[in-house]
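Spelled out from the first residue to the last, the chains are:
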Amino acid sequence: MSLRRTIEDATGLALTDADVGRALRELFPHDAAARAAHAPAPGTPAFDALLDLLVVPESWMFRDPAVFEEALRFVRARLADRPDARLRILSLPCAGGEEPYSVAMSLMRAGVDPRQCAIDAFDLSHAAIARARSGRYTRNAFRGADLAFRERHFTHADGHWTVNADVRAYVRFAQANLLELDAAALAGRYDLVFCRNLLIYFDEAATRRAAAVLAALLADDGLLLSGYAEAPALCRNGFTTQGARQVFALRKETDATAEPVPAARPRARARTVPPQPAPVAPQAPPARARATPQEQLAQARRHADAGHLAEAEALCRALLARLPELADAWFLLGAIDEAAGRIRAAERCWRRCTYLDPQHYEALCSLALLHEQLGDSARGASFRRRAAQAYERRGGAA
Ligand SMILES: C[S@@+](CC[C@H](N)C(=O)[O-])C[C@H]1O[C@@H](n2cnc3c(N)ncnc32)[C@H](O)[C@@H]1O
């Protein structure tokens, strides 16, 4: 088996020979013969080092704030139900610790202490876990507008911010491969699982394997928080969205839930409508006369999130009539089309979006998933690669 296939089988990552070649050249910057002689075997330190060069450990604090709000709502409700329980949260993949530390900071603010709620945080990459344990970050880890949490929970020195001990007390880090976890030993262990921005790097088969492991780890009444672009893949593999609004919050599909979830609609929305920072009740259209395009777009999104597709579409179209080059509006219009079952129209909108903004990550993800669902896995894989590249570029530029 080729080295690429070996890595794909072991990790689930969908790679190209060029990806592996580049990583090998970085690992063994000698001649080709030396690289061939050193083709690392699974389980060896060289194999792990190669994986470190192939993964995208990009993350930042409070990435997609709505997800953390949803997590906190869930924890509060559960502790209200079972005040003596100790909840277990899993962050997998946790990259350099940004996600689990964000959860820990949310818990602290809510007055939930580590005896009530503990966080396990796993990642494939040894380097990422070492970074997470060090708890030391550059400016790149802080990308939101509101950074008050940084003053509260980090100590600043030499251009780095180091997370304080009281936040660390919630989190236990370990290197682990999602696909190799002992699902039987961990069955039903976690009340809340974060699995975000991982499946986008997996092909359909690996996604199935991952979904089965996640379903095993999650308690039957637990909640899985995914990346919004990953929710549809999980919905194809044993999960169901909670409702129309929190499309990234998933439950295990049981006989009870499987029946009443008919609609392609929540799934379709799950694929394309990103989580919004705060769920806000929709207001009546039209937008205020002096609303900026961004405000109008935000209002259209709120309508879409609330399932008011006609209002959302009307706002989008009005906006595009004035500003036909607004890529985000094309993306949203595509999401609305898809939610309404107009798949080809959705594809046209997303293509228009990527024509205007070739690095539009969400549109590239949506096109990848759409083509995969339509059975065109080659085209799906090509959009998936472009999405991964856009993702890396966007992270680097932020
Ligand atoms: C883009 S980061 C996502 C981090 C975080 N969840 C977030 O959303 O910001 C993707 C991470 O997945 C990890 N990863 C890739 N394949 C994995 C696997 N099979 N098991 C566990 N982690 C994996 C990588 O090492 C990388 O750190």
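Residues numbered from 1 in each chain as written. Predicted model: local features only at pLDDT ≥ 70, side-chain atom pairs only at ≥ 80, totals over all residues. Heavy atoms only, no water.

Asker: So what exactly am I meant to see when it comes to the packing of helix H1 (residues 3-11) against helix H2 (residues 17-27) here?
Answerer: Describing two packed helices takes the angle between their axes plus the distance from one axis to the other. Where H1 meets H2, the closest approach of the two axes is 9 Å, and the angle between their N-to-C directions is 100°. Here H1 is positioned roughly perpendicular relative to H2, judged by the angle of their axes. Where H1 abuts H2, its residues Leu 3, Arg 4 and Ile 7 lie against Asp 17, Val 20 and Leu 24. A breakdown of the residues in the contact of H1 with H2 according to their chemical character gives 4 nonpolar, no polar and 2 charged. (Axes fitted to C-alpha atoms, helices over the stretch in contact; angles between N-to-C directions. Helix = DSSP H or I, 4+ residues; strand = E, 2+ residues; numbered from the N terminus. Parallel < 35°, antiparallel > 145°, perpendicular 65-115°, else oblique. Contact = heavy atoms within 4.5 Å. Nonpolar A, V, L, I, M, F, W, Y, C, P; charged D, E, K, R; others polar.)

Asker: So what exactly am I meant to see when it comes to the pattern of salt bridges here?
Answerer: Pairs can form between side chains of opposite charge whenever their charged atoms are close. According to the stated counting rule, one finds 23 salt bridges in the structure shown. One salt bridge connects Asp 221 with Arg 78, and the closest N-O pair in it is separated by 3.4 Å. Residue Asp 221 is located in strand S8 (residues 218-226), and its partner Arg 78 is located in helix H5 (residues 65-81); the two are separated by 143 residues in the primary sequence. Arg 379 is paired through a salt bridge with Asp 376; the nearest N and O atoms lie 3.6 Å apart. (Salt bridge = Lys/Arg side-chain N within 4 Å of Asp/Glu carboxyl O.)

Asker: Would you take a moment to explain the sheet that holds strand S4 (residues 154-157) for this structure?
Answerer: Strand pairing within a sheet occurs via backbone hydrogen bonds; the two strands may be parallel or antiparallel. Pairing in this open sheet of 3 strands is antiparallel, and the strands run S3-S5-S4 from one edge to the other. The sheet is open, and its two edges are formed by strand S3 (136-137) and S4, each paired on a single side. For S4 and strand S5 (residues 160-163), the ladder comprises 4 bridges, and the chain directions are antiparallel. When the sheet's bridge partners are listed, His 156 is paired in S5 with Trp 161. (Pairing = 2+ DSSP bridges.)

Asker: What is the right way to read the site of the ligand from this model?
Answerer: In the vicinity of the ligand there are 23 residues, among which Ser 59, Arg 63, Pro 93, Asp 123 and Asn 197 approach most closely. Here a nitrogen atom of the ligand and a backbone polar atom of Leu 124 are 3.2 Å apart. Measuring from a nitrogen atom of the ligand, one finds a side-chain N or O atom of Asn 177 at 2.9 Å. Contact with the protein chains removes 99% of the 610 Å² of surface that the ligand exposes when unbound. Taken together, the residues that form the shell around the ligand break down as 13 nonpolar, 5 polar and 5 charged. (Near = heavy atom within 4 Å. Polar contact = N/O pair within 3.5 Å; in protein donor to acceptor, adjacent residues only side chain to side chain. Areas by Shrake-Rupley, 256 points an atom, 1.4 Å probe, with all protein chains shown as cover.)

Asker: Help me out: how do you make sense of the pairing of S5 in this one?
Answerer: A regular strand carries its side chains on alternate faces of the sheet. Alternating positions in S5 separate cleanly, Trp 161 and Val 163 being buried on one face and His 160 and Thr 162 remaining unburied on the opposite face. As paired elements, S3 and S5 share 2 bridges and run antiparallel to each other. The residue of S5 that forms the bridge with Arg 136 is Thr 162. Hairpin geometry of S4 and S5 is characterised by an intervening segment of 2 residues between the two adjacent antiparallel strands and by a positive phi of about 55° at Asp 158. (Buried < 20%, exposed > 50% of the residue type's maximum accessible area, 1.4 Å probe, protein only.)

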